[in-house]
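Structure at a glance
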Amino acid sequence: DAGITQSPRHKVTETGTPVTLRCHQTENHRYMYWYRQDPGHGLRLIHYSYGVKDTDKGEVSDGYSVSRSKTEDFLLTLESATSSQTSVYFCAISESAGTGERAFFGQGTRLTVV
Amino acid sequence: DQQVKQNSPSLSVQEGRISILNCDYTNSMFDYFLWYKKYPAEGPTFLISISSIKDKNEDGRFTVFLNKSAKHLSLHIVPSQPGDSAVYFCAAPKRNQGGKLIFGQGTELSVKP
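Model, not experiment: these values are computed from the prediction.

**A closer look at the overall build of chain A**
Counting its secondary structure elements, chain A contains zero helices and eleven strands. In chain A, the succession of helices and strands from N to C terminus is β-β-β-β-β-β-β-β-β-β-β. Its C-alpha atoms give chain A a radius of gyration of 13 Å, near enough to 13 Å, the size a compact globule of 114 residues would have. With the C-alpha coordinates aligned to their principal axes, the bounding extent of chain A is approximately 40 × 30 × 25 Å. Considering chain A as a whole, with its 114 residues, one finds that 47% of them fall into the buried category. Accessible surface, chain A: about 5,400 Å² in total, of which carbon and sulfur atoms supply 45%. Side-chain charges of chain A comprise 12 positive and 13 negative groups, with the mean position of each set lying 3 Å from the other.

**Here's the deal with the nonpolar core**
Residue and element names in this part refer to chain B. Within the largest apolar cluster, 24 residues are counted, with the highest numbers of intra-cluster contacts made by Phe33, Trp35, Leu73, Leu75 and Tyr88. When contributions to this core are tallied by element, the ones reaching two or more residues are strand S3 (19-25), strand S4 (32-38), strand S5 (45-51), strand S7 (62-67), strand S8 (72-77), strand S9 (86-94) and strand S11 (107-112). With four residues, S9 is the largest single contributor of residues to this core.

**Comments concerning the pairing of strand S11 (residues 109-113) of chain A**
Residues and elements named next belong to chain A. Taking every second residue as pointing to the same face, the buried face of S11 carries Thr109, Leu111 and Val113, while none of Arg110 and Thr112 on the other face is buried. Pairing of strand S2 (residues 10-13) with S11 involves four bridges; the strand directions are parallel. Its bridge partner lying in S11, Thr13 is registered against Val113.

**Topic: the side chain of Ser94 of chain A**
Residue position: Ser94 of chain A is located in strand S9 (residues 87-94). Reaching out from Ser94 of chain A, the side chain makes a polar contact with the side chain of Tyr33 of chain A at a distance of 2.7 Å. Filtering out sequence-adjacent residues up to four positions away, Ser94 of chain A remains in contact with His29, Arg30, Tyr31, Tyr33, Glu101, Arg102 and Ala103 of chain A together with Gly99 of chain B.

**Concerning the interface of chain B and chain A**
Contact with chain B, which involves 21 residues of that partner, is made by 22 residues of chain A. Buried surface at the junction of chain B and chain A, summed over both partners, amounts to about 1,800 Å²; 59% is from carbon and sulfur atoms. Contact with chain A buries surface across chain B, with Gly99, Lys100 and Phe103 of chain B losing the most and accounting together for 26% of the total. Counting every contact that joins chain B to chain A gives zero salt bridges. Linking chain B to chain A there are four residue pairs in polar contact (both at pLDDT 80 or more). Elements that contribute at least two residues to the side of chain B that touches chain A include exactly S4 and strand S10 (97-103) of chain B. Among the elements that line the side of chain B that touches chain A, the one with the most residues is S10 of chain B, at six residues. In terms of residue class, the side of chain B that touches chain A is made up of nine nonpolar, seven polar and five charged.

**With respect to the packing of aromatic side chains**
Considering all chains together, one arrives at 14 aromatic pairs over all chains under this definition. Ring centres of Tyr48 of chain A and Tyr50 of chain A lie 6.2 Å apart, and the angle between their planes is 45°; on these two criteria the pair is classed as tilted. Overall, Tyr48 of chain A belongs to the buried group, its relative accessible area being 11%. Taking the relative accessible area as the measure of exposure, Tyr50 of chain A reaches 30% and is therefore partly exposed. With centroids separated by 6.0 Å and ring planes inclined at 50°, the aromatic side chains of Tyr36 of chain B and Phe103 of chain B adopt a geometry described as tilted. Here Tyr36 of chain B, found in strand S4, pairs with Phe103 of chain B, found in strand S10; they are 67 residues apart in sequence, far enough to count as distant. Neither residue differs from the other here; Tyr36 of chain B and Phe103 of chain B are each classed as buried. An aromatic cluster is present here, built from Tyr33, Tyr35, Tyr48, Tyr50 and Phe105 of chain A together with Tyr36, Phe46, Phe89 and Phe103 of chain B joined pairwise through their rings.

Parameters at a glance
Residues numbered from 1 in each chain as written. Chains lettered and ligands numbered in written order. Predicted model: local features only at pLDDT ≥ 70, side-chain atom pairs only at ≥ 80, totals over all residues. Heavy atoms only, no water. Helix = DSSP H or I, 4+ residues; strand = E, 2+ residues; numbered from the N terminus. Rg over C-alpha atoms; globule rule 2.2 N^0.38 Å. Buried < 20%, exposed > 50% of the residue type's maximum accessible area, 1.4 Å probe, protein only. Areas by Shrake-Rupley, 256 points an atom, 1.4 Å probe, with all protein chains shown as cover. Lys, Arg positive; Asp, Glu negative; His and termini not counted. Charge placed at Lys NZ, Arg CZ, Asp CG, Glu CD. Core = buried A, V, L, I, M, F, W, Y, C linked by side-chain atoms within 4.5 Å. Pairing = 2+ DSSP bridges. Polar contact = N/O pair within 3.5 Å; in protein donor to acceptor, adjacent residues only side chain to side chain. Contact = heavy atoms within 4.5 Å. Buried area = accessible area lost by both parts, 1.4 Å probe. Salt bridge = Lys/Arg side-chain N within 4 Å of Asp/Glu carboxyl O. Nonpolar A, V, L, I, M, F, W, Y, C, P; charged D, E, K, R; others polar. Phe/Tyr/Trp six-rings, centres within 6.5 Å; stacked < 30°, edge-to-face > 60°.

This is the structure in structure tokens:
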């Protein structure tokens, strides 16, 4: 199994509060991703990183920011949590961005915004 | 704009029989397709993939078929086992953006003993 650790695994937070989710990898992979999983939508890409300090937006990036100060850590921040951000969040890593490159996923963080 | 679609939210199959999970796509630019399997409270894990230059790829009990003219792929599991019960996602990467996957909605497979 790829060495990917997400923390926390579960979190309940109140609307309007900031929340940070952490993804830590031990594989030294260059590419890291944050997805969210919602019923009826599968997984959707929020943000991704192609190196330290190099990040870009995915398809559902509004309300989220990311940072990557070290190869091994990729942080996802909800600046002001809303109920629509209640979801399961998955971090993924890949060694390259080549077509056919498979991504490895963490175990997920279940976030509930009340 | 759902570029990858799995129109069956669930599928129930008897142990030992064949499971067929379907996926349709709209973007002819996809070069590669992947299937991921997901158990509850776990992250998705890679199962099998197929390049657009092929029409079939087999790995043990799992076979993926690609019909480019119909923009359709299917995952066959033979024989199905109770441990195969999970949610299956098909996914496709944007060209030259391997890890940026576009996922279908998923199909929950239940294999009954």
